[in-house]
Amino acid sequence: MRIDVLCKPEGGKKCERALAVVREALDNLGMEAEVHLFRDRRKMIDNRVYVSPALMVDDVLRVAGRVPSVDEVERILRERPRYLKRMQNVA
């Protein structure tokens, strides 16, 4: 699983809080993931994200423009395996 936190280069404490929330949610669930913090305007534009911070899980935009709560991130991460299993049955 890959989790990207996208921020503007001048993004301050919001980006760090979003990264801390993601790490806390992963610890609570006992999951492992690649977590990346990008402070790059070009990466944001390539992903059509214009507000920061933004949270992308496996290249799918899930949250933009605010710092999500730990519960919200946990819910997003719990939904992911069900989605993959459901898609596996279709293909």
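Residues numbered from 1 in each chain as written. Predicted model: local features only at pLDDT ≥ 70, side-chain atom pairs only at ≥ 80, totals over all residues. Heavy atoms only, no water.

Enquirer: How would you explain the nonpolar core if you had to name every residue and give the values?
Expert: Counting 17 residues, the largest nonpolar core has Ile 3, Val 5, Val 22, Leu 55, Val 73 and Leu 77 as the members making the most contacts within it. For this core, the secondary-structure elements that each account for two or more residues are strand S1 (2-7), helix H1 (13-29), strand S3 (54-57) and helix H3 (70-90). Ignoring any residue separated from it by four or fewer positions in sequence, one finds Ile 3 in contact with Val 22, Leu 26, Ala 33, Glu 34, Val 35, His 36, Leu 55, Met 56 and Leu 77. By size, the runner-up hydrophobic cluster in this structure holds 5 residues, among which are Leu 6, Met 44, Val 49 and Met 56. (Core = buried A, V, L, I, M, F, W, Y, C linked by side-chain atoms within 4.5 Å. Buried < 20%, exposed > 50% of the residue type's maximum accessible area, 1.4 Å probe, protein only. Helix = DSSP H or I, 4+ residues; strand = E, 2+ residues; numbered from the N terminus. Contact = heavy atoms within 4.5 Å.)

Enquirer: Before we move on, can you summarise unusual backbone geometry with the specific residues and values?
Expert: For the bond from Ser 52 to Pro 53, the omega torsion is -5 degrees, close enough to zero to count as cis. Relative to the helices and strands, Pro 53 resides in the loop between helix H2 (41-46) and S3. The phi dihedral of Arg 48 is positive, around 55 degrees, even though this residue is not glycine. Its place among the elements puts Arg 48 in the loop between H2 and S3. One non-glycine residue, Asp 58, adopts positive backbone phi at about 50 degrees. Position of Asp 58 among the secondary structure elements: in the loop between S3 and strand S4 (60-64).

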